[in-house]
Amino acid sequence: MSANVNNVQAHINGQPATLSELIPLAFAGFAHFTAMQVRDRKVKGLDLHLDRLRNASIDFFGRALPDEQLLSYIRTAIDEGPKDQSLTVTIFSRNGEFTAASMDGELAVLIRTDAPSHGPVGPLRLGTVAHERPLASIKHVGESGKTFYLHQAIRQGFDDAAFVDSHGHLSEATIWNLVFWDGEAVIWPQAEILQGTMMNIVQRQLDRLEIPQRHEAITTERLRELSGAAVMNSWTPWDHCHCH
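Residues numbered from 1 in each chain as written. Predicted model: local features only at pLDDT ≥ 70, side-chain atom pairs only at ≥ 80, totals over all residues. Heavy atoms only, no water.

### So, the overall build of the protein
For step 1, the next point in the chain: Per the secondary structure count, the protein includes five helices and 15 strands.
For step 2, the next point in the chain: Radius of gyration (C-alpha) of the protein: 19 Å, near the 18 Å computed for a compact globule of 244 residues.
For step 3, the next point in the chain: Counting only residues that meet the buried cut, the protein has 47% of its 244 residues in that class.
For step 4, the next point in the chain: Put simply, of all contacts in the protein between residues at least 6 apart along the chain, 66% involve residues at least 24 apart.
For step 5, the next point in the chain: Of the accessible surface of the protein, which amounts to about 12700 Å², a share of 53% is contributed by carbon and sulfur atoms.
For step 6, the next point in the chain: The protein carries 21 positive and 29 negative side-chain charges, and their two centres are separated by 4 Å. (Helix = DSSP H or I, 4+ residues; strand = E, 2+ residues; numbered from the N terminus. Rg over C-alpha atoms; globule rule 2.2 N^0.38 Å. Buried < 20%, exposed > 50% of the residue type's maximum accessible area, 1.4 Å probe, protein only. Contact = heavy atoms within 4.5 Å. Areas by Shrake-Rupley, 256 points an atom, 1.4 Å probe, with all protein chains shown as cover. Lys, Arg positive; Asp, Glu negative; His and termini not counted. Charge placed at Lys NZ, Arg CZ, Asp CG, Glu CD.)

### Focus on the packing of helix α2 (residues 46-61) against helix α3 (residues 67-79)
For step 1, the next point in the chain: Running from N to C, α2 and α3 point in directions that differ by 120 degrees, and their axes come no closer than 11 Å. Regarding the angle of α2 to α3, the classification is oblique. Of the two elements, α2 crosses α3, and the hand of that crossing is right-handed. For the pair α2 and α3, the contacting residues are Leu46, Leu50, Leu53 and Arg54 in the first and Asp67, Leu70, Leu71 and Ile74 in the second.
For step 2, the next point in the chain: Partitioned by chemical class, the residues of the contact of α2 with α3 number six nonpolar, no polar and two charged. (Axes fitted to C-alpha atoms, helices over the stretch in contact; angles between N-to-C directions. Parallel < 35°, antiparallel > 145°, perpendicular 65-115°, else oblique. Left-handed = near helix turned anticlockwise from the far one by under 90°. Nonpolar A, V, L, I, M, F, W, Y, C, P; charged D, E, K, R; others polar.)

### Focus: unusual backbone geometry
For step 1, the next point in the chain: The backbone phi angle of Arg41 is positive, close to 65 degrees, even though this residue is not glycine.
For step 2, the next point in the chain: Mapping Arg41 onto the fold places it in the loop between β4 (31-39) and β5 (42-43).
For step 3, the next point in the chain: The exposure class of Arg41 is partly exposed, given its relative accessible area of 39%.

### Side note on the nonpolar core
For step 1, the next point in the chain: Counting residues in each nonpolar core, the largest one holds 22 residues, and the members touching the most others are Leu70, Ile74, Leu87, Val89, Ile91, Val109 and Ile111.
For step 2, the next point in the chain: For this core, the elements supplying multiple residues, two or more each, are β4, α2, α3, β6 (85-93) and β7 (107-114).
For step 3, the next point in the chain: In terms of residues, this core owes the most to one element, α3, which gives six residues.
For step 4, the next point in the chain: Leave out the neighbours within four places in its chain, and Leu87 touches Thr34, Ala35, Met36, Val38, Ile74, Ala77, Ile78, Ile111, Arg112 and Thr113.
For step 5, the next point in the chain: In terms of nonpolar packing, the next biggest core, distinct from the first, is built from 17 residues, Leu124, Ala173, Trp176 and Leu223 among them. (Core = buried A, V, L, I, M, F, W, Y, C linked by side-chain atoms within 4.5 Å.)

### Some points on the pattern of salt bridges
For step 1, the next point in the chain: Evaluated as defined, the whole model comprises ten salt bridges.
For step 2, the next point in the chain: Residues Glu143 and Arg133 are paired through a salt bridge, measuring 2.9 Å at the closest nitrogen-oxygen approach. A residue pair is termed long-range when its members are at least 10 positions apart, and Glu143 in the loop between β8 (124-130) and α4 (144-155) and Arg133 in the loop between β8 and α4 qualify at ten residues. The same class applies to Glu143 and to Arg133, which are both buried.
For step 3, the next point in the chain: Arg214 serves as the salt-bridge partner of Asp182, at 2.7 Å between the closest nitrogen and oxygen. Highlighted residues: Asp182 in the loop between β11 (177-181) and β12 (186-189) and Arg214 in strand β13 (residues 213-216), separated in sequence by 32 residues.
For step 4, the next point in the chain: Assessed through its relative accessible area of 23%, Asp182 is described here as partly exposed.
For step 5, the next point in the chain: Taken together, the shared-partner salt bridges connect Asp182, Arg214, Glu216, Arg222 and Glu225 into one network. (Salt bridge = Lys/Arg side-chain N within 4 Å of Asp/Glu carboxyl O.)

Here it is, written out as structure tokens:
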């Protein structure tokens, strides 16, 4: 029996996932992933998602699956679902975690699809919290802090949370990249962050349009000097936000 609950589809290595295959993953935390939105069976920045998976696999496991193999699994999931959907690709070791055995063995690919997501309607109000994501440059599973601080922010009357690192600099939000505008140039935070796929898409489009952009350390005090701020992820390229 394949896993199909409330229209959520799951494949492992291009085949429908069985419940027995999914049970060991229920509490697994040593894996990395990328999340994308599919529209009319197309994905923005697919090359960037493949780059992310390849680089993270090398960092985590010392090896990576061929791009062609990942593409075939992604195409299978897209072709078997509706033309608009959410799609998450997770790469893990069948040898589990908390053991040296996970360093070796074949890597496996879990692809989960769900209804399309359009993200929240901005502007968003972000509360700031001191937090640094472990292994910030990798999009990995098991990060309870992101949900914890989201809930804390909502209880305090905000829409979400933005993180301030140990240097007092804004870095990123729970599932968002941060970006700022000073009236002349786009400013990206200079901090340890996850380089988002939408962030990369926007950066190369800014280059093509010859719009200036740079990386700078941003403190909450400096926000008063800036003209605007926004968040972005694979849902949306640009939601305005206010940090408090």
